[in-house]
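Inside the fold
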Amino acid sequence: MADVQGAGTAENEQEFWTALNQILSAPCESYELLDNALRSWLDLVSKARDEYLDDEDEIANCSEQLIHSPLFSTNKEYVRTQIIYSMLQEDEYAPLHVIANFLLSDGRAEEETFRRMIKEGCFLRLLELIKGCGSKDSRLHRLLLQLMYEMSRIERLRDEDLMQIDDGFVTYLFQLIEALADDANDPYHYSVIRVLLVLNEQYMVAATSAATESSPISPITNRVIKILSVQGDSYRTFGENIILLLNRETETSQQLLILKLLYLLFTTTATYEYFYTNDLHVLLDVIIRNLLDLPSEMDILRHTYLRVLAPLLAHTQLSKPPHYKRGQILSLIEILRGTGNAHFMPPEPTTIRLLDRVASTPWLADEEPESPSLSPIGRLSLSQTGSAVSVIAKVSEKPGVKTPSRKSEIAAQIKGKSEHGGSPPRPPPPRTLRSQKSLPEVPRHKHGVPVVHPPVPVPRLHVNGAGQKKMPPKLPPPRRRAKMVAATGNEVRTPSEASSPIGSAPVS
């Protein structure tokens, strides 16, 4: 025991890692020794947090060393219980950071840890800490947001936990997204956005359960949708960022969380036009691309995309002319139906039904509305576009599962075929040039009658008049002038008459 307590001090980073190894490798034959070792580990890492452990990965390394140590492997439940209770009781930020990091690492490896935290009331504790430490310890604040997100997406929260979330807390999260990010690794506040997304899912699950169980208690208000319905114009950055997140996200569960929120926004009258029109164009492009890229076995994700696409086209600014990418949407519907496309298998009945729902959007159909009583922008009613919220709420996927890509599968198949024989594919044979064939001889007789070909006149090359030097035209003859005879009897001529050969003879 004395060795363990003495190991809890370090003067530099090298001594820190040495002391940490001594604490985790010391034998603990009783709960008292185990408690002492845990306190020494927590005290040592907490003091080093601001001195040697500037990176979050280094603190995570300390948690991983505890998880893989004999101290934890032989007393998992006891160690988890002690650390969870420490979370509920600790007030200092440095030890809270180390505790939260361990629970996050252990929960990702064993989901039962997150379920245990919910049962012990850790959600309310996280709610309290996130409100209080935002401006005081940004590192701990980001970590607590990650822990709340991971814990909430594994297990349904208790109704009493959800009812403790007030408008002020949700508004606070939206305000964080509008503010400039102080973390270069998270410039779009994805940690905050994910908490809002998972809270929205929890509200949807709670509403579905209340409707199924016919509970006399009034349904819990979805405060995420409430704030966006009332103050959506003040929190447009959130909408822009979830579209960016959907465009980049490869994890199926993350895409489902975003689609669930989009579905509620596009089926709630107050949030029909929450997004800017340009953002809706980007969103439509992302949905079209992802639907075309989903493999045939990804029915759950495909159905969710289609359930969002129908109200997106019917209720938002996309329903107003000029209609954005109408031709591409119609082509998408035909492709997913398997019409004339060998790369897409015939869809199952649910996909066909959802495609028909999308195709029934008035501005996609060929005919125009017949009655002026219909909406001038061709919006469908909620009964036509809305799937039951329970269907959307029940859709889920295990965290960490990546969405496969049709393009990647095709490329892998091509690569597998080329590597099937154990050798790289052979290059094509070199191209050989064939000798040019001579033209066939023109026949001299046709049906026994000699064919007489008239001689082809050879064009003469005229160069300045058939090869001769072209002379300039002759001058016109000079005018006849009166001849003046000198007194001597000789004829006097003008200079022009003197040089002209015409009229050179004397006049008799």
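Quick notes on the rules
Residues numbered from 1 in each chain as written. Predicted model: local features only at pLDDT ≥ 70, side-chain atom pairs only at ≥ 80, totals over all residues. Heavy atoms only, no water. Helix = DSSP H or I, 4+ residues; strand = E, 2+ residues; numbered from the N terminus. Buried < 20%, exposed > 50% of the residue type's maximum accessible area, 1.4 Å probe, protein only. Contact = heavy atoms within 4.5 Å. Areas by Shrake-Rupley, 256 points an atom, 1.4 Å probe, with all protein chains shown as cover. Expected span 1.5 Å × (residues − 1). Patch = residues over 30% accessible without salt bridge, like charges linked within 9 Å, V, L, I, M, F, W, Y side chains within 5 Å. Salt bridge = Lys/Arg side-chain N within 4 Å of Asp/Glu carboxyl O. Lys, Arg positive; Asp, Glu negative; His and termini not counted. Charge placed at Lys NZ, Arg CZ, Asp CG, Glu CD. Phe/Tyr/Trp six-rings, centres within 6.5 Å; stacked < 30°, edge-to-face > 60°. Axes fitted to C-alpha atoms, helices over the stretch in contact; angles between N-to-C directions. Parallel < 35°, antiparallel > 145°, perpendicular 65-115°, else oblique. Left-handed = near helix turned anticlockwise from the far one by under 90°. Nonpolar A, V, L, I, M, F, W, Y, C, P; charged D, E, K, R; others polar. Arc of directions from axis to C-beta. Polar contact = N/O pair within 3.5 Å; in protein donor to acceptor, adjacent residues only side chain to side chain. pLDDT = per-residue confidence, 0-100.

This part is about the overall build of the protein. A count of helices and strands for the protein gives 24 helices and four strands. The burial tally for the protein puts 41% of its 508 residues in the buried class. The contacts in the protein between residues at least 6 apart in sequence include a share of 74% that link residues at least 24 apart. By element, 54% of the accessible surface of the protein is carried by carbon and sulfur atoms, the whole surface being about 29,600 Å².

With that settled, consider the environment of Gln146. Looking at where Gln146 falls in the secondary structure, it is placed in helix α10 (residues 138–152). For Gln146, a relative accessible area of 33% puts it in the partly exposed group. Sequence separation between Gln146 and Ser191 is 45 residues; the distance between their C-alpha atoms is 6.2 Å. Excluding anything up to four places from it in sequence, Gln146 contacts Leu104 and Arg108.

Time to look at helix α12 (residues 167–178). Along its twelve residues, α12 runs 17 Å from first to last C-alpha, staying within 8% of the 16 Å computed at 1.5 Å per residue. Considered for burial, the residues of α12 that qualify are Phe169, Val170, Thr171, Leu173, Phe174 and Ile177.

On the surface, Glu13, Asp54, Asp55 and Asp57 cluster together to form a negatively charged patch. Looking at the element boundaries, Asp55 is found in the loop between α3 (31–48) and α4 (56–67).

This next bit is on the packing of aromatic side chains. One pass over the structure, following the stated rule, counts nine aromatic pairs. Relative to Phe102, the ring of Phe72 lies with its centre 5.8 Å away and its plane at 80°, an arrangement referred to as edge-to-face. Of this pair, Phe72 sits in helix α5 (residues 70–73) while Phe102 sits in helix α7 (residues 93–109), and the two are 30 residues apart along the sequence. Both residues of the pair, Phe72 and Phe102, belong to the buried class. Taking 5.3 Å as the distance between ring centres and 20° as the angle between the ring planes, the aromatic pair formed by Phe174 and Tyr235 counts as stacked.

Here helix α6 (residues 76–89) crosses helix α8 (residues 112–119) at 45°, and the two axes come no closer than 11 Å. The angle between the axes of α6 and α8 places the two elements in the oblique class. In this structure, the crossing between α6 and α8 has a hand that is right-handed. Contacts between α6 and α8 pair Glu77, Arg80, Thr81 and Ile84 from the former with Thr113, Arg116 and Met117 from the latter.

On to the pattern of salt bridges, then. Between side chains of opposite charge, pairing is possible as soon as their charged atoms come close. This structure, assessed with the given rule, holds 30 salt bridges. A salt bridge links Glu120 to Arg116; the shortest N-O distance between them is 3.3 Å. One continuous salt-bridge network, built from bridges that share partners, spans Glu77, Arg80, Asp106, Arg116 and Glu120.

It is at 6 Å that the axes of α7 and α8 come closest, and there the two elements cross at 125°. As far as their axial angle goes, α8 and α7 are oblique. Between α7 and α8, the contacting residues are Leu103, Leu104, Asp106, Gly107 and Arg108 on the first element and Thr113, Phe114 and Met117 on the second. The class makeup of the residues in the contact of α7 with α8 is four nonpolar, two polar and two charged.

With that settled, the discussion passes to unusual backbone geometry. Put simply, Pro321 and Pro322 share a cis peptide bond, and its omega is 0°. By the element assignment, Pro322 lies in the loop between α18 (299–315) and α19 (326–336). For Lys325, which is not a glycine, the phi torsion comes out positive at approximately 55°. Its place among the elements puts Lys325 in the loop between α18 and α19. Residue classification places Lys325 among the partly exposed positions, given a relative accessible area of 28%.

A few words now on helix α2 (residues 13–25). An ideal rise of 1.5 Å per residue puts 18 Å on 13 residues; α2 measures up with 19 Å between its terminal C-alpha atoms. Three or more residues of α2 are buried, namely Phe16, Ala19, Leu20, Ile23 and Leu24. What you see down the axis of α2 is that its buried residues fit within an arc of 130°, all on one side. Measuring from the side-chain oxygen of the N-cap residue of α2 to the backbone nitrogen of Gln14 gives 3.2 Å; that N-cap residue is Asn12.

Here we take up the environment of Arg353. Relative to the helices and strands, Arg353 is located in helix α20 (residues 349–359). Assessed through its relative accessible area of 41%, Arg353 is described here as partly exposed. A C-alpha to C-alpha distance of 9.9 Å links Arg353 and Leu306, two positions 47 residues apart in sequence.

Time to look at the confidence of the model for the protein. When pLDDT is averaged along the protein, the result is 79; 70% of the residues meet or exceed 70. Segment residues 367–386 is flagged for pLDDT under 50; beyond a separation of four residues in sequence, or across chains, it makes 28 contacts in the model.

This part covers the side chain of Thr208. You can see Thr208 is positioned in helix α13 (residues 190–213). Look at Thr208 and you get buried, because its relative accessible area is 10%. Ignoring anything within four residues of it in the chain, the contact list for Thr208 reads Val389, Ser390, Ala393 and Lys394.

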